[in-house]
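A structural walkthrough
If you want the building blocks of each chain, they are given just below.
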Amino acid sequence: MKHICIVFRRPPHGTPHGREALDLAMLSASFEQQVTLIFTDEGVLNLVSDQAPELIGARNYISTFKALPFYDIEDVLVCGESLKEFGLKRSVLNIEAEVVLADDIAQRLLEADEVLVF
């Protein structure tokens, strides 16, 4: 089984990157790949609850993150420094995620067979 690590670095709205990363994660997992999701920099904003992207004409895919357990995607990491940078706490995240340090993220990236950054 291949270990794929998908890194979310961009904000959720304004570009298709977040949605494409989420689609790739679910597709890869459906083909029995081990998938790790990492949210860092502005990518942590993908996990913030109560967003209203339709107000700016964007599609709301954020609630789709709640489907990750159905695809056996349970390895979800969030950069603690990025949360702090945006003044966010774990309680605002819309899914279960492990808040980690940059060193932990670096280690996970080394363990992956493939790393894709969105």
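Residues numbered from 1 in each chain as written. Predicted model: local features only at pLDDT ≥ 70, side-chain atom pairs only at ≥ 80, totals over all residues. Heavy atoms only, no water.

Turning our eyes to something else, we now look at the overall build of the protein chain. When helices and strands are tallied, the protein chain shows three helices and five strands. Taken from the N to the C terminus, the helices and strands of the protein chain come in the order β-α-β-β-α-β-α-β. If one aligns the C-alpha atoms of the protein chain with their principal axes, the spans along those axes are about 40 × 30 × 20 Å. The long-range fraction of contacts in the protein chain, counting pairs at least 24 apart against all pairs at least 6 apart in sequence, stands at 76%. (Helix = DSSP H or I, 4+ residues; strand = E, 2+ residues; numbered from the N terminus. Contact = heavy atoms within 4.5 Å.)

Taken together, the side chains of Glu 81, Glu 98, Asp 103 and Asp 104 define an acidic patch exposed on the protein surface. Mapped onto the secondary structure, Asp 103 falls in helix H3 (residues 102-111). Overall, the relative accessible area of 63% leaves Asp 103 in the exposed class. (Patch = residues over 30% accessible without salt bridge, like charges linked within 9 Å, V, L, I, M, F, W, Y side chains within 5 Å. Areas by Shrake-Rupley, 256 points an atom, 1.4 Å probe, with all protein chains shown as cover. Salt bridge = Lys/Arg side-chain N within 4 Å of Asp/Glu carboxyl O. Lys, Arg positive; Asp, Glu negative; His and termini not counted. Charge placed at Lys NZ, Arg CZ, Asp CG, Glu CD. Buried < 20%, exposed > 50% of the residue type's maximum accessible area, 1.4 Å probe, protein only.)

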